[in-house]
Amino acid sequence: DSNKTHENIRTSWKGRFKSFIALLYYSIQALKRAEETNNNIAFAITYQCVKTICSIYPNQPLVDEAATSLSKFLTAGSNNNLKHMGLRLLSQMYK
């Protein structure tokens, strides 16, 4: 009976994790469109999404999206604050 409980918890956790990954992926996709307008709020939320992606179990499609978003920070023209944030993300991504 205890084994069934543990298996139910594991199954529930895996389902929630997959939902969380899907939500992050969707969020990154939506924010990429907002980044094109140089919206500071979109960059701030993207920053937090990328930090979260870097701190969870690696998921290759998410890591690829995070890297693409990271490049937007590093090529932010004359906005040195965004470049600095990009460098911080880059260092966190490759820890």
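Structure: above.
What counts and how
Residues numbered from 1 in each chain as written. Predicted model: local features only at pLDDT ≥ 70, side-chain atom pairs only at ≥ 80, totals over all residues. Heavy atoms only, no water. Helix = DSSP H or I, 4+ residues; strand = E, 2+ residues; numbered from the N terminus. Buried < 20%, exposed > 50% of the residue type's maximum accessible area, 1.4 Å probe, protein only. Contact = heavy atoms within 4.5 Å. Areas by Shrake-Rupley, 256 points an atom, 1.4 Å probe, with all protein chains shown as cover. Phe/Tyr/Trp six-rings, centres within 6.5 Å; stacked < 30°, edge-to-face > 60°. Axes fitted to C-alpha atoms, helices over the stretch in contact; angles between N-to-C directions. Parallel < 35°, antiparallel > 145°, perpendicular 65-115°, else oblique. Left-handed = near helix turned anticlockwise from the far one by under 90°. Nonpolar A, V, L, I, M, F, W, Y, C, P; charged D, E, K, R; others polar.

**Student:** Which residues make up the overall build of the protein, and what are the values?
**Tutor:** Across its full length, the protein carries 4 helices and 0 strands. When its helices and strands are written in sequence order, the protein yields α-α-α-α. Counting every position in the protein, which comprises 95 residues, the buried fraction comes to 25%. Contacts in the protein between residues far apart in sequence, at least 24 positions, make up 56% of those at least 6 positions apart. Per element, the accessible surface of the protein, about 6600 Å² overall, is 55% carbon and sulfur.

**Student:** I'd love a proper account of the packing of aromatic side chains, names of residues and values included.
**Tutor:** Following the criterion strictly, the structure yields 2 aromatic pairs and no others. Here the aromatic rings of F43 and F73 are separated by 5.0 Å at their centres, their planes lie at 75°, and the arrangement is edge-to-face. Of this pair, F43 sits in helix α2 (residues 40–55) while F73 sits in helix α3 (residues 60–74), placing them 30 residues apart in sequence. F73 carries the same exposure label as F43, and that label is buried. Look at Y47 and F73: their rings are 6.5 Å apart centre to centre, the planes differ by 65°, and that puts the pair in the edge-to-face class. On the criterion of sequence distance, the pair formed by Y47 in helix α2 and F73 in helix α3 is long-range, its members being 26 residues apart.

**Student:** Pulling in residues and values, what's your account of the packing of α2 against α3?
**Tutor:** Across the interface, α2 lies against α3 with an axial gap of 10 Å and an inter-helix angle of 140°. With respect to each other, α2 and α3 are oriented oblique. Read as a crossing pair, α2 and α3 show a hand that is left-handed. Mapping the contact onto sequence places F43, T46, Y47, V50 and I53 in α2 and L62, V63, A66, S69, K72 and F73 in α3. Tallied by class, the residues present in the contact of α2 with α3 amount to 8 nonpolar, 2 polar and 1 charged.

**Student:** Summarise the packing of α2 against helix α4 (residues 80–93); cite the residues concerned and give the values.
**Tutor:** The interhelical angle for the contact between α2 and α4, taken along N-to-C directions, is 10°, at an axis separation of 9 Å. Taken as axis vectors, α2 and α4 run roughly parallel relative to one another. Note on element contacts: α4 touches α2 through L82, M85, R88, L89, Q92 and M93, opposite F43, Y47, V50, K51 and C54. Each residue belonging to the contact of α2 with α4 can be placed in one class, and the counts come to 8 nonpolar, 1 polar and 2 charged.

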